[in-house]
Amino acid sequence: MKLELKGITKAFGGFVANDSIDLVVDEGKVHTLLGENGAGKSTLMNVLYGLYEPTEGEILVDGKPVHFRGPGDAMAAGIGMVHQHFMLVPVFTVAENVALGDERTKGAGILDLEKTRKAIREISDQYGFHVDPDALVEDLPVGVQQRVEIIKALVRKADLLILDEPTAVLTPKETDELMDIIRQLKGDGTSIIFISHKLREVKAISDEITVIRRGKVVGTADPSADAMELASLMVGRSVDLSLGRQHSDGTDVALEIRDLTVIDSLGVPTLDHVSLDVRKGEILAVAGVQGNGQTELVEAVMGLTDHTTGSIRLDGVELLGRSTKQIVNSGVGYVPEDRSTDGVIGDFTIADNLILNRYDRHPVARGGSLQPAFIAENAEAKIGEFDIRTQSALHTASQLSGGNQQKVVLAREFSRELNLFIASQPTRGVDVGSIEFLHRRILAERDKDVPVIVVSTELDEVAELGDRIAVLFHGKVMGIVPGNTSRDVLGLMMAGSTAEEALAEADAARLATTENDEPQLPGGIA
Amino acid sequence: MSPETPSFIDRLRASGAVVSVLAIVAAFIVGGILIAATDEKTTSATTYFFARPLDTLAAAWNAAANSYAAMFRGAVFNYDASTFTAMIKPLTETLTYATPLLTASLGVAVAFRAGLFNIGAQGQLILGAMFATWIGFTLDLAWPVHLLLVILGSILGGALWGGLVGWIKARTGAHEVILTIMLNYVALNLLAYLLNTPVLQRPGSTNPVSPQVNGSAMYPELLGDEFRLHLGFLVAVAATALVWWLMNRSTLGFEIKAVGSNRHAARTAGINTFKVTVLAMVIAGALAGMAGAAQVNGTERFLTESVAASIGFDAITVALLGRSNPIGVFFAALLFGAFRAGGVTMQVATGTPIDIVLVVQSLIVLFIAAPPLVRSIFGLGQRKKRKPRTPGRDAAVAATAGGDK
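Residues numbered from 1 in each chain as written. Chains lettered and ligands numbered in written order. Predicted model: local features only at pLDDT ≥ 70, side-chain atom pairs only at ≥ 80, totals over all residues. Heavy atoms only, no water.

Moving on, we get to the overall build of chain A. From N to C terminus, chain A includes 18 helices and 22 strands. A compact globule built from 526 residues would reach a C-alpha radius of gyration of about 24 Å, and chain A, at 25 Å, matches this within 12%. Its C-alpha atoms give chain A principal-axis dimensions of roughly 70 × 55 × 55 Å. Relative to its full complement of 526 residues, chain A shows a buried share of 55%. Restricting to contacts in chain A with at least 6 residues of sequence separation, those with at least 24 account for 67%. A total of about 21600 Å² of accessible surface is found on chain A, and carbon and sulfur atoms cover 48% of it. Taking the average place of the 52 positive charges on the side chains of chain A and the average place of its 81 negative ones, the gap between the two points comes to 3 Å. (Helix = DSSP H or I, 4+ residues; strand = E, 2+ residues; numbered from the N terminus. Rg over C-alpha atoms; globule rule 2.2 N^0.38 Å. Buried < 20%, exposed > 50% of the residue type's maximum accessible area, 1.4 Å probe, protein only. Contact = heavy atoms within 4.5 Å. Areas by Shrake-Rupley, 256 points an atom, 1.4 Å probe, with all protein chains shown as cover. Lys, Arg positive; Asp, Glu negative; His and termini not counted. Charge placed at Lys NZ, Arg CZ, Asp CG, Glu CD.)

Given below as structure tokens:
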């Protein structure tokens, strides 16, 4: 299918989310929409999918103008969409989910799922999906759920597939598998609109790239274009992706974690005899697929978990058994992974969020009474220093974008002298421009000789920031490797190989193929 | 409470002061319609509505207007009275009724801010009243000291009852709504029991009433014998100021609001959520307990089973109407005091049943709980958002499944 969008404008009141956007997707091509969060990519796709009525402009399918009143029309025209957040009913089987909205009955309202099952098997075999039509969706891994979404579209004979940030939720291995699937679909003549802000994937899979910024097309690019160039186009100013950082070996060991074990409410160990050292002036990156004990590790250090055994010593002082307040006051800075839940209070003003963990300390408070003048001054100073984009310190934190909320958290933690800094997923859901800023501030803290732990599921971030990298798998440390370890090795360790096994396997693979590694790109953007 | 689905309390807090005022207006309008509908003249006029429709409308208007005018005379200023004392007496009655309601509502409001739905002001008030009464008739002390002890006793009684809820909630996670409702029954039955034992029963009486408290344990009257208004009102005003300071300026208030808005972030920032939950309920109970002293040592002079009347429950409405803000609560308590004072006059003067006051009060809650309803009634529309929200997930699931073909 050849799809053309001509002059699509979508305005919500005075806010123009899409401003006369032109886009042509040729048959059997992968066309990437590149843009930051909030650039208008999703709005454009919702217009295309019939969820929004365009204010102006027209959509042409194979040269004929079409008008979609809803997703049903779009599907009938051969357009399928895989949303970033899957639109699946968890308690239904794969077949039931695929049939949903297009149910066939045997008469008398009895569902006929047999045809759907057959269709699922055919597609599954054709593309090597390995999806069981009778499995419950909630039991399936995220990567397989995504394939169910793709099957849903293919069963409805989609000739054009929209993939909205499809890799955001996938492990590196699942991402590679998705890339293979996309290549196969393309080979069969399916057109793909691929939405992403991860430059590495975009460069690997695209035939054409259109960059959107603030609702406008700001340019098109060739997949061979330089990553720096793409990033600059996306952000609207030149972005220096290489932090130009120096490797640091650190000095004395500051944090000693020994045999740290955390038992969850079901009695299962989520962290199993973990031992780690972090030196002053180094960044220890903790890598791993989400849910392998990283959350528990940092929460244990912060005194936020129950049923914790082992030992956590900071500068020789045992932290385990102390309250979170004591730990915070002993100079531990913490950026929690779930910013909106644990990092800021959405209803509170930015000024109040900036003093959230020292509201009762001099000079923020005196004798149990807050000092509004100091709180206001502090807010002005931090908003300037950390470039927090807001009109007023009295706006609530929930009015800020993700990147600016994260700046508030970072500004708060860096307001104190730190003896240890822990950042969990510091750049998740943050725009490219802010990532660069946040990374630089974290490095600056390291260079002040503070020991730093960065937990990330983004391999690029781990590789970019880590002086050493510890990989967690099922609550155990698979090994601690140098910061320049290749992605292949890290990927294998994240899937459960020890460092030695991973190195041996990667070597063997390198001998088997002569292909070179792709150049490494930093940050969550790559 | 996940951030995506704001709780009932969150939604109430988010509704603006405008909504509160409009809710009152809307409730009065609906109340007026009800008054008209139950009015005899109006109903008889409807029998020939099609012949002379204006008669019905005029009768309806008169019924509602007369009732509300009577309410005004009973609650604010009696322009029909012959003496100045009689003219301003209604206002002092309103303030007197508002006194216990004010502190009890502040208690509910503080708990709201901590994210706790405190239904237990009733029980906390009863405990406070029991302590205040007992101290009031057993001890024999000079005036300011005795009264001070009475006030402290009422605070202690309420604080114990509230703190117990906070402690169980923080310790076990039991829901405070269930706990407070159940403890209301315990308090009421405890009161009924003690009023039949020598602890609280008046010697020589077979009725469940306590002895009268000593004069030294009473709040003195502020404007002389002609008016019931007593010093307790000024104490309640002082409590309002103190709660304002607590919630807006103190570190404890900061902790309470942090825990109430986002327990997880508060905990991550090192705030002891256990301590804050218990303290918030202690403060809530203490304020409700003070209302007990205002009842017994301000107006009633002795304790009966009905000491709490419906104050503990009205306090929830008042706290909602005042949006848990001490100043808002102050004015809301005055309004509800006026309802109590004016309702009686309305019934006597116009025959409109006092129940209509209850209906209006309930409608206020209804309208506040449904801000979109009030906004659409008054044509305000939804608050403008800069960006549209993405369609709700459930709707999106259905829509993408082609359900809206």
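With 135 residues, the main nonpolar core has Phe421 of chain A together with Met130, Ile256, Leu287, Leu303 and Ile364 of chain B as its most contacted residues. Here this core takes eleven residues from helix H12 (residues 273-300) of chain B, the largest share from any one element. The residues that make up this core include at least three from each of domain 2 (242-331 + 417-485) and domain 3 (346-415) of chain A. Contacts of Leu287 of chain B, omitting those with residues within four sequence positions, involve Thr103, Ala104, Leu106, Gly107, Val110, Ala239 and Val243 of chain B. Residues Val94, Tyr127, Val148 and Leu178 of chain A belong to the second largest nonpolar core, which totals 46 residues. (Core = buried A, V, L, I, M, F, W, Y, C linked by side-chain atoms within 4.5 Å. Domains from an automatic or database assignment.)

All right, on to the pairing of strand E20 (residues 452-455) of chain A then. Residues and elements named next belong to chain A. Neither face of E20 is left uncovered, since the one carrying Val452 and Val454 and the one carrying Ile453 and Val455 both have all their residues buried. In terms of strand pairing, strand E13 (residues 283-287) meets E20 through four bridges, oriented parallel. Looking at E20, one finds that Val286 is bridged to Val455. As judged from the four bridges shared by strand E19 (residues 420-424) and E20, these two strands associate in the parallel manner. Bridging across to E20, Phe421 finds its partner in Val452. In this view, the connection linking E19 to its parallel neighbour E20 by way of helix H15 (residues 432-447) has right-handed handedness. (Pairing = 2+ DSSP bridges. Right-handed = clockwise from strand over helix to strand, strands pointing away.)

Per the stated rule, a full pass over the model turns up 35 salt bridges over all chains. Between Lys216 of chain A and Asp19 of chain A there is a salt bridge, with its nearest N and O atoms 3.6 Å apart. Highlighted residues: Lys216 of chain A in strand E10 (residues 216-221) and Asp19 of chain A in strand E2 (residues 15-25), separated in sequence by 197 residues. Among the residues examined, Asp19 of chain A registers a relative accessible area of 27% and is labelled partly exposed. Here Asp80 of chain B makes a salt bridge to Arg73 of chain B, at a shortest N to O gap of 3.5 Å. (Salt bridge = Lys/Arg side-chain N within 4 Å of Asp/Glu carboxyl O.)

Attention now goes to the UniProt feature "domain: ABC transporter" (unreviewed entry) in chain A. Summarizing the sequence annotation, UniProt attributes the feature "domain: ABC transporter" (unreviewed entry) to residues 3-239 and 255-499 of chain A in the numbering used throughout. Counted over residues 255-499 of chain A, helix gives 33% and strand 26%. Its end C-alpha atoms are 22 Å apart. (UniProt positions renumbered as here; feature names shortened; annotations may be inferred.)

This brings us to empty space enclosed by the protein. Under the defined criterion, the tally for this structure stands at six cavities of 30 Å³ or more. Looking at the second largest cavity, it is lined by 15 residues, and the ones nearest its centre are Asn357, Arg412 and Glu413 of chain A together with Thr268 and Ala269 of chain B. Those elements that provide at least two residues to the lining of the second largest cavity are strand E16 (332-335), helix H11 (339-343) and helix H14 (402-413) of chain A together with helix H11 (263-268) of chain B. Counted by class, the lining of the second largest cavity contains eight nonpolar, three polar and four charged residues. (1 Å grid on protein atoms, 1.4 Å probe; cavity = no way out; pocket = protein on both sides within 12 Å on 5 of 7 lines; lining within 4 Å. Points joined across faces, edges and corners; volume = space filled by probe spheres on them. Nonpolar A, V, L, I, M, F, W, Y, C, P; charged D, E, K, R; others polar.)

Before going further, it helps to spend a moment on the packing of aromatic side chains. Residue and element names in this part refer to chain B. This model, assessed by the stated rule, comprises 13 aromatic pairs over all chains. An angle of 70° between the planes, with centres 5.4 Å apart, marks the rings of Phe336 and Phe339 as edge-to-face. Here Phe336 and its partner Phe339 are both found in helix H14 (residues 326-350), three residues apart, which amounts to about one turn of the helix. Exposure class is identical for Phe336 and Phe339. Each is buried. Site record: aromatic cluster; members linked through ring pairs are Phe28, Tyr68, Phe336 and Phe339. Residue placement shows Arg202 over the ring face of Phe302; its charged tip is 5.1 Å from the ring centre. (Phe/Tyr/Trp six-rings, centres within 6.5 Å; stacked < 30°, edge-to-face > 60°. Lys NZ or Arg CZ within 6 Å of the ring centre and 35° of its normal.)

Residue and element names in this part refer to chain A. The strand order E2-E1-E4-E5 describes an open sheet built from four strands, whose pairing is antiparallel. Both edges of this open sheet fall to E2 and strand E5 (64-66), since each of them pairs with a single strand only. The average angle at which neighbouring strand axes cross in this sheet is 30°, direction not considered. As defined by bridge partners, strand E1 (residues 3-12) adjoins E2 across seven bridges and the pair is classed as antiparallel. Looking at E2, one finds that Phe12 is bridged to Phe15. The strands touched by helix H1 (residues 41-48) are E1, E2 and strand E4 (56-61); relative to E1, the strand with the most contacts, the crossing angle is about 115°. (Axes fitted to C-alpha atoms, helices over the stretch in contact; angles between N-to-C directions.)

Before going further, it helps to spend a moment on the confidence of the model for chain B. Residue and element names in this part refer to chain B. When pLDDT is averaged across chain B, the result is 88; 90% of the residues are at 70 or more. Predicted confidence is poor over residues 1-5, with pLDDT under 50, and the contacts of this stretch with residues over four places away or in other chains come to three contacts. Here residues 382-405 is modelled with pLDDT under 50, and outside its nearest four sequence neighbours on either side it reaches 41 contacts, counting other chains as well. If you check the scores for this complex, the pTM reads 0.79 and the ipTM reads 0.82. (pLDDT = per-residue confidence, 0-100.)

What follows is about the confidence of the model for chain A. In the predicted model, chain A carries a mean pLDDT of 87, and the fraction of residues at 70 or more is 96%. For residues 515-526 of chain A, every residue scores under 50 in pLDDT, and the model assigns this stretch 35 contacts once sequence neighbours within four places are set aside.

Residue and element names in this part refer to chain B. The interhelical angle for the contact between helix H7 (residues 143-172) and helix H8 (residues 176-194), taken along N-to-C directions, is 145°, at an axis separation of 10 Å. In the packing of H7 onto H8, the handedness of the crossing is right-handed. For the pair H7 and H8, contact is made by Trp161, Leu164, Val165, Ile168 and Lys169 and by Glu176, Leu179, Thr180, Leu183, Val186 and Ala187, respectively. Of the residues contributing to the contact of H7 with H8, the split by class is eight nonpolar, one polar and two charged. (Left-handed = near helix turned anticlockwise from the far one by under 90°.)

Here we take up a nonpolar patch on the surface. Residue and element names in this part refer to chain B. Taken together, the side chains of Val21, Val25, Ile29, Ile33, Leu373, Ile377 and Phe378 make up a nonpolar region of the molecular surface, amounting to roughly 590 Å² of accessible area. Counting residues per element, the nonpolar patch draws most heavily on helix H2 (residues 17-38), at four residues. For Ile33, a relative accessible area of 54% translates into the label exposed. (Patch = residues over 30% accessible without salt bridge, like charges linked within 9 Å, V, L, I, M, F, W, Y side chains within 5 Å.)

Glancing now at H12 of chain B. All names here are of chain B. For H12, built from 28 residues, the straight-helix expectation of 40 Å at 1.5 Å per residue is met to within 8% by its first-to-last C-alpha distance of 39 Å. By the criterion of burial, H12 is predominantly enclosed, with 22 of the 28 residues buried. With a side-chain oxygen positioned 3.1 Å from the backbone nitrogen of Phe274, the residue opening H12 is Asn272. Immediately beyond the C-terminal end of H12, within one or two residues, lies Arg301, with a positive phi of roughly 80°. (Expected span 1.5 Å × (residues − 1). Polar contact = N/O pair within 3.5 Å; in protein donor to acceptor, adjacent residues only side chain to side chain.)

Turning our eyes to something else, we now look at the layout of surface pockets. Sizing a probe to match a water molecule and rolling it over the atoms shows the empty space that remains. Residue and element names in this part refer to chain A. Empty space within the second largest pocket amounts to approximately 460 Å³. If you trace the second largest pocket, you find 19 residues lining it, with Ala119, Ile123, Leu154, Val155 and Lys157 closest to the centre. Every element with two or more residues in the lining of the second largest pocket is listed here: helix H3 (94-99), helix H4 (114-127) and helix H5 (142-155). Examining the composition of the lining of the second largest pocket, we find that eight residues originate from one element, H4, more than from any other. Its residues placed into classes, the lining of the second largest pocket shows eight nonpolar, three polar and eight charged.

Residues and elements named next belong to chain A. Residue His362 is joined to Pro363 through a cis peptide bond whose omega torsion reads 0°. Looking at where Pro363 falls in the secondary structure, it is placed in the loop between helix H12 (350-353) and strand E17 (365-366). Despite not being glycine, His307 shows a phi value in the positive range, around 50°. Along the polypeptide, His307 turns up in the loop between helix H9 (294-301) and strand E14 (308-314). Classification of His307 as exposed rests on a relative accessible area of 58%. Not every positive phi belongs to a glycine, and Asp315 is a case in point at roughly 50°. Inspection of the secondary structure puts Asp315 in the loop between E14 and strand E15 (317-318). Since its relative accessible area comes to 42%, Asp315 is described here as partly exposed.

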